[in-house]
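Listed here are the chains, written in short residue letters.
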Amino acid sequence: MLIEKYVTSALSPKFLSMKRTSLLIIALACSAFLLKAGGFQVGLQGQKQTGMGLIGTGLTLGPSTLFFNPGGLSFLAPKYGAELGISPLMSNVSFQKTLPSAYEASTDNPLGTPFAAYVTARMNEKLSLGVGVYTPFGSSTNWGEDWAGRFLIQDISLLSIFVQPTVSYKVNDKLGIGIGLVYAYGKVSLSRALPVLGQDGKEGRAELEGATNAWGFNAGISYRPVPKLELGLTYRSTVTMEMDEGEATLSVPLTLASNFPSPNTFSAKLPLPGSVNLGGSYKVNDKFLIGADIHYVFWHVYDSLIFDFEKNTSSLQDSRSPKLLKDNMIFRIGGQYTLNEKLNVRAGGYYDSPAVEDDYYSPETPDAVKIGLTLGLSWTPMPDLDVDVSFLYVMGLERDVTYSPAQFGGKYKYNAYIPGFGITYRIN
Amino acid sequence: MRTTYFSALFGLLFILVSCEPKMEEFKADPGSADLSKYIALGSGMTAGFADGELYKSMQAFSLGNILATQFSQAGGGSFKQPLMLDDLGFGQRRVLGIATDCQGVSSLAPIAMPGTPNPGNFLPVGAQGPYQNMGVPGSKLLHILAPGLGVLNPYFGRFSSNPTTASIIGDASAQNPTFFSLWSVEDAIWFAKDGGYNVADSLTPVPQFTAYLNNILMAMMANGAKGVLANIPDIMSLPYFTTVPYNSLVLTEQAKVDLLNAAYGPYGLSFSLGANPWVIQDLTSPTGFRQIQAGEMLLLTLPQDSLKCGGWGTLKPIPHKYVLDAGEIAATRNAISALNAVIAEAAQSKGLAYADVNLLLKQAEQGITFDAVTLTTSFVSGGLFSLDGLHLNAKGNAIVANLFIDAINTRYGASVPRVVINDYPGIAFP
């Protein structure tokens, strides 16, 4: 029997979920994360930055500067610094099927755990080195096995870990430049239902899983024209994750088994988009600092998602899901107020424009106009140590959209609550 | 103290974490229709007939019941169906299974469902009525009007208020419906499914069809009921007519080719290596047989073992009842378009909603996609039709139900919710 063109497409989440523990051990001391909401980018690479609207391109705020602007690293005051942070991420998406319909669904997403860890060292007056480990892209979305969009996606988990050794050079007292090499590890797993029904009442299912690695870079310039003003410009390269030996497990009724060869392997390519980022900060007075960032993210690199199966049949053909993402922009603003020598408080917000077109909105990517509101606090119990906390609330504006290749659509509404915890340690 | 203030704020934000984003709830509304007493009229799919039989689990997915379930969210009342007691019905149900043919080859194919029907299926249940699903498999419009139909049609005989005197329309209109649906395909399809063979099952001529339809509508609308009409699908959309290829006589040996040419050559038939048209019965031909032509149809009921081992289509012409020839195809298709024009005109003039099932299934020939599942009119693999090739499966009924709902919403300014197509089962594989 020829069951035409079923199986899989889809993989493109947002928001990171991590197997806790182990990787944190690599960690060095304090914190940082970056949560950017367009696509599946996570923007939680520093607790202090998170507290003030996730700005940091034009603001030197401890070791996490290694991620936010490698050029600013050489301006860090302490001789050695370490930062470690984690941001448990709770996200929800609600869905209401295209009207008229009484069908509603919502995700039951596992807790995501983006983390970041950095160590930095000033080698001499001019040169600083450092290494960071962070999780810039990720997603964990679970719609359940029986929901109406199950033939697109049931659950998906995408994880990436970037390791970035970095060198920064202070050209003069106003200008610093820096570049980091990025080693990226990525892992994806997803499942979706297959539209074949068994006499036991069970639908078919495809589970895909794979891991890979790739290289990229992160470069930046930090410039202080006057003592109160700091400007930054950075470029992060697109990192294309190519997977050759992904494992596909296809469960179908017995009489269709030969149509869906399993186990099978697949190759796929998922680009993690780069960005150009411009930012600045200004010290209004001794206590008060404000700043802003503008990010332009190259989401257009994510044009389509193709799963190329090693063993094809008339039923199991390679799957090609157009995504047609477009570049998006993020505007961020934040401020910090020094209450006393032990306490700094922060607040900020951002506006993140959608990267997914209305006709190509797939439920694995909860994309929307997103508004982020943040609060942060640092406590400095002793001169060498900061304890950082942050809270980010992301509100996605409701979208009425369709994934037109699959004729599946409705209204989606997204939100996320992300508390963050970190410490920063300095040695002079 | 400021730290206390901040920790309180963080605490508050943390509580929010459990909050999912809220969305405005959908509100169903009947518009200017009154769905409180809905009666379903029509043939097999309205009743829940599929896979060659009317059976209990499929009756839950009858067009009538799917619609009634959706109506219940917009003021609809209870909807009683004359349920069979099991999934065997009168015993004609087919399921997918492994069949071994006359040559000993096993393959996946529709087979008779094993088991013995519950004798209760054959007992009358009219006393437990009235029933709101008045759909009766095999009923043409004339049958809906016919008193005593229960004697001829056992599916109505079961639940008729009086098998020897009652009519479908009488039992239906006696319930004072506020809303009804009417979808019968039999006035055109019955003729074709018998290969145009049975004179008693001839195509209903337009004047009669018009009169029957008007009589039905008059009875149903006597108290101002509103409703929805649907038209008849093209036979090209039904796998019953399109699955068996006309030229699947594959000859691989020259000796066999020579034998057939020797036998049939004198009558103008010719055979060659490869695919050949089958030999069919043709009463209009002087010899009584000829080769089937491209575009003519072999029906799904044609016994495959007789082709493979019984010499049908070669030594013996395929009997007329398994063939829809060019003239019969043209007659059927002309009738379908003429009757559909009558239905459309009646919907228009009576102000009823109109569901163009013909167009929907025409689109399905190329494939229609719902929620990432693409369905076609291909037999079994298409996912839309049941194993009899004539009646939709549950998923197909759900798709037609949504078409009805769209038509009702448009015509009456209603907001009846659509169903989620993929909640309804397709064909189950062993």
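Residues numbered from 1 in each chain as written. Chains lettered and ligands numbered in written order. Predicted model: local features only at pLDDT ≥ 70, side-chain atom pairs only at ≥ 80, totals over all residues. Heavy atoms only, no water.

Engineer: Looking at this structure, I do not really get the overall build of chain B. What am I missing?
Structural biologist: The helix and strand tally for chain B stands at 16 helices and 17 strands. Seen through its C-alpha atoms, chain B measures out along the principal axes to roughly 105 × 65 × 45 Å. Excluding contacts between residues fewer than 6 apart, the proportion of contacts in chain B whose partners are at least 24 apart in sequence is 72%. Here chain B displays about 17400 Å² of accessible surface, and carbon together with sulfur accounts for 58% of that area. Positive and negative side-chain charges of chain B, numbering 23 and 30 respectively, have mean locations separated by a distance of 6 Å. (Helix = DSSP H or I, 4+ residues; strand = E, 2+ residues; numbered from the N terminus. Contact = heavy atoms within 4.5 Å. Areas by Shrake-Rupley, 256 points an atom, 1.4 Å probe, with all protein chains shown as cover. Lys, Arg positive; Asp, Glu negative; His and termini not counted. Charge placed at Lys NZ, Arg CZ, Asp CG, Glu CD.)

Engineer: Hey, could you run me through the layout of surface pockets in this one?
Structural biologist: Once rolled over the atoms, a probe with the size of a water molecule shows which space is left empty. All names here are of chain A. Of the volumes computed, that of the second largest pocket is approximately 850 Å³. Every residue lining the second largest pocket is counted, 37 residues in all, and those nearest its centre are Thr60, Leu61, Gly62, Lys283 and Gln336. Taken together, the residues that form the lining of the second largest pocket break down as twelve nonpolar, 14 polar and eleven charged. (1 Å grid on protein atoms, 1.4 Å probe; cavity = no way out; pocket = protein on both sides within 12 Å on 5 of 7 lines; lining within 4 Å. Points joined across faces, edges and corners; volume = space filled by probe spheres on them. Nonpolar A, V, L, I, M, F, W, Y, C, P; charged D, E, K, R; others polar.)

Engineer: What am I meant to see in the state of the cysteines here?
Structural biologist: Think of a disulfide as a covalent bridge from one cysteine sulfur atom to another cysteine sulfur atom. Residue and element names in this part refer to chain B. Throughout the structure, instances matching the rule amount to one disulfide over all chains. Shown here is the disulfide that connects Cys102 with Cys309, its sulfur atoms set 1.9 Å apart. The disulfide joining Cys102 to Cys309 has a torsion of about 85° about its S-S bond and is therefore right-handed. Taken together, the positions of Cys102 in the loop between β4 (94-100) and β5 (106-112) and Cys309 in the loop between α13 (304-308) and β13 (323-324) put the pair 207 residues apart, joining distant regions of the chain. (Disulfide = S-S within 2.5 Å.)

Engineer: Whenever I open this one, the packing of aromatic side chains confuses me. Can you help?
Structural biologist: Each aromatic ring pair is specified by the distance between its two centres and by the angle formed by the two planes. All names here are of chain A. This model, assessed by the stated rule, comprises 41 aromatic pairs over all chains. Ring geometry for Phe137 and Phe162: centres 6.2 Å apart, planes at 50°, overall tilted. In this pair, Phe137 is assigned in the loop between β7 (127-134) and β8 (138-142) and Phe162 in strand β9 (residues 155-170), connecting sequence segments 25 residues apart. Seen in terms of ring centroids, Tyr361 and Tyr412 are 4.4 Å apart; in terms of plane orientation they differ by 35°. Their pairing is tilted. Taken together, the residues Tyr361 in the loop between β20 (343-352) and β21 (370-382) and Tyr412 in strand β24 (residues 408-427) connect sequence positions 51 residues apart. Of the residues examined, Tyr361 reaches a relative accessible area of 1% and is grouped as buried. Counting every residue linked through ring pairs, the aromatic cluster contains Phe95, Tyr103, Trp143, Trp147, Tyr361, Phe408 and Tyr412. Over the ring of Phe75 we find Arg224, and its NZ or CZ is 3.7 Å from the ring centre. (Phe/Tyr/Trp six-rings, centres within 6.5 Å; stacked < 30°, edge-to-face > 60°. Buried < 20%, exposed > 50% of the residue type's maximum accessible area, 1.4 Å probe, protein only. Lys NZ or Arg CZ within 6 Å of the ring centre and 35° of its normal.)

Engineer: Whenever I open this one, helix α15 (residues 357-366) of chain B confuses me. Can you help?
Structural biologist: Residues and elements named next belong to chain B. What α15 keeps buried is the set Val357, Asn358, Leu360, Leu361 and Ala364. In a view along the axis of α15, the buried residues occupy a sector of 160°, so they form one face of it. Within two residues after α15, Gly367 carries a phi angle of roughly 115°, on the positive side. (Arc of directions from axis to C-beta.)

Engineer: Would you mind showing me how to read the pairing of strand β4 (residues 90-97) of chain A here?
Structural biologist: On a regular strand, each side chain points to the face opposite its neighbour's, so the side chains alternate between the two faces of the sheet. Residues and elements named next belong to chain A. With eight of eight residues buried, β4 lies mostly within the body of the structure. Of the strand pairs in this sheet, β4 and β24 are connected by eight bridges, and their pairing is antiparallel. Looking at the pairing, Ser91 lines up with Ala416 of β24. Relative to strand β5 (residues 104-106), β4 runs antiparallel, the two sharing three bridges. Across the sheet, residue Phe95 finds its bridge partner in β5, namely Ala105. (Pairing = 2+ DSSP bridges.)

Engineer: Please clarify how the sheet that holds strand β6 (residues 179-183) of chain B should be interpreted in this entry.
Structural biologist: The pairing of strands in a sheet happens through backbone hydrogen bonds and is either parallel or antiparallel. Residues and elements named next belong to chain B. Taking strand neighbours across the sheet as the criterion, the four strands line up as β1-β6-β7-β14 in an open arrangement whose pairing is parallel. Each edge of the open sheet is held by one strand with a lone partner, namely β1 (38-42) and β14 (353-355). Direction aside, the axes of adjacent strands within the sheet are offset by 15° on average. Here β6 runs beside strand β7 (residues 226-230); their pairing, made up of four bridges, is parallel. Looking across to β7, one finds that Phe180 is bridged to Gly227. Against the sheet, helix α4 (residues 63-71) touches β1 and β6, its axis set at about 160° to β1. (Axes fitted to C-alpha atoms, helices over the stretch in contact; angles between N-to-C directions.)

Engineer: I would appreciate a short explanation of the nonpolar core in the present structure.
Structural biologist: A general trend in soluble globular proteins is that nonpolar side chains are found buried together. By size, the foremost hydrophobic cluster in this structure holds 103 residues, and its most contacted members are Leu41(B), Leu182(B), Trp183(B), Phe241(B) and Phe404(B). Broken down by element, this core gets its largest block of residues, ten residues, from helix α16 (residues 394-412) of chain B. Excluding residues that lie within four positions of it along the chain, Leu41(B) makes contacts with Thr46(B), Met134(B), Ile168(B), Ile169(B), Ala172(B), Ser181(B), Leu182(B), Trp183(B), Ile216(B) and Met220(B). Membership of the second largest hydrophobic core comes to 76 residues, among which are Leu54(A), Ala105(A), Val188(A) and Ala206(A). (Core = buried A, V, L, I, M, F, W, Y, C linked by side-chain atoms within 4.5 Å.)

Engineer: What is the right way to look at empty space enclosed by the protein in this model?
Structural biologist: All names here are of chain A. A complete count under the given rule lists eight cavities of 30 Å³ or more for this structure. Roughly 120 Å³ of volume is contained in the largest cavity. Residue lining of the largest cavity: 16 residues in total, with Phe137, Phe162, Arg236, Ser237 and Pro273 positioned closest to the centre. Here the lining of the largest cavity is built from residues that sort into ten nonpolar, five polar and one charged.

Engineer: Mind showing me how you'd approach helix α14 (residues 326-350) of chain B here?
Structural biologist: The periodicity of an α-helix, 3.6 residues per turn, causes residues three or four places apart in sequence to face the same way. All names here are of chain B. For α14, spanning 25 residues, the distance from its first C-alpha to its last is 36 Å, which sits close to the expected 36 Å at 1.5 Å a residue. By the N-cap criterion, in which a side-chain oxygen at the helix start approaches the backbone nitrogen of a residue two or three places on, α14 is capped by Asp325, the distance to Gly327 being 3.0 Å. At the C-terminal side of α14, Gly351 shows a positive phi close to 70°. (Expected span 1.5 Å × (residues − 1). Polar contact = N/O pair within 3.5 Å; in protein donor to acceptor, adjacent residues only side chain to side chain.)

Engineer: Got a minute to help me understand the confidence of the model for chain A in this structure?
Structural biologist: Keep in mind that low pLDDT regions are not for reading the predicted coordinates in detail. On average, residues of chain A carry a pLDDT of 88, and 90% of them reach 70 or more. Element-level mean pLDDT values for chain A span from 26 in strand β1 (residues 33-34) of chain A up to 98 in strand β12 (residues 229-236) of chain A. (pLDDT = per-residue confidence, 0-100.)

Engineer: Sorry if this is basic, but what is going on with unusual backbone geometry here?
Structural biologist: Glycine aside, residues mostly have negative phi, and peptide bonds are mostly found in the trans state. Cis geometry is found at the peptide bond from Leu99(A) to Pro100(A), where omega equals 0°. Relative to the assigned elements, Pro100(A) resides in the loop between β4 and β5. For the peptide bond that leads from Gly129(B) to Pro130(B), omega is 0°, which places it in the cis range. As for its placement among the helices and strands, Pro130(B) is situated in the loop between β5 and α5 (141-145). The backbone of Leu324(A) shows a phi angle near 50°, a positive value even though the residue is not glycine. Mapped onto the elements, Leu324(A) comes out in the loop between β18 (319-322) and β19 (328-340). Of note, the phi angle at Gln407(A) is positive, near 50°, even though the residue is not glycine. Along the chain, Gln407(A) falls in the loop between β23 (399-403) and β24. Classification of Gln407(A) by relative accessible area gives partly exposed; the value is 45%.

Engineer: Explain the interface of chain B and chain A to me, please; I cannot follow it from the model alone.
Structural biologist: It is common to give the size of an interface as the accessible area that goes away when the parts come together. Contact residues are listed per partner, giving 42 residues for chain B and 53 residues for chain A. Carbon and sulfur atoms make up 68% of the surface buried where chain B meets chain A, a total of about 4000 Å² over both sides. Across the salt bridge formed by Asp371(B) and Lys97(A), the nearest N and O atoms sit 3.1 Å from each other. Between chain B and chain A we count 13 residue pairs in polar contact (both at pLDDT 80 or more) in total. Within the residue set of the side of chain B that touches chain A, elements represented by two or more residues are α1 (2-16), β4, β15 (368-370), β16 (373-375) and β17 (428-429) of chain B. (Buried area = accessible area lost by both parts, 1.4 Å probe. Salt bridge = Lys/Arg side-chain N within 4 Å of Asp/Glu carboxyl O.)

Engineer: Before we go on, may I ask you to explain the environment of Ala398(B) in this structure?
Structural biologist: Residue and element names in this part refer to chain B. Position of Ala398 relative to the elements: it lies in helix α16. Among the residues examined, Ala398 registers a relative accessible area of 0% and is labelled buried. Residues Ala398 and Tyr424, 26 residues apart in the sequence, show an inter-C-alpha distance of 6.9 Å. Discounting residues that sit within four places of it in the chain, Ala398 has contacts with Ile66, Val419, Ile421 and Tyr424.

Engineer: Please clarify how the packing of α4(B) against α16(B) should be interpreted in this entry.
Structural biologist: For any two helices packed against each other, the geometry is given by the interaxial angle and the distance between the axes. Residue and element names in this part refer to chain B. In contact at an axis separation of 9 Å, α4 and α16 are set at 50° when each is read in the N-to-C sense. Considering their axes alone, α4 and α16 lie oblique with respect to each other. Here the hand of the crossing between α4 and α16 comes out right-handed. The residues of α16 that touch α4, namely those facing Leu63, Ile66, Leu67, Gln70 and Phe71, are Ala394, Asn397, Ala398, Val400, Ala401, Phe404, Ile405 and Ile408. (Parallel < 35°, antiparallel > 145°, perpendicular 65-115°, else oblique. Left-handed = near helix turned anticlockwise from the far one by under 90°.)

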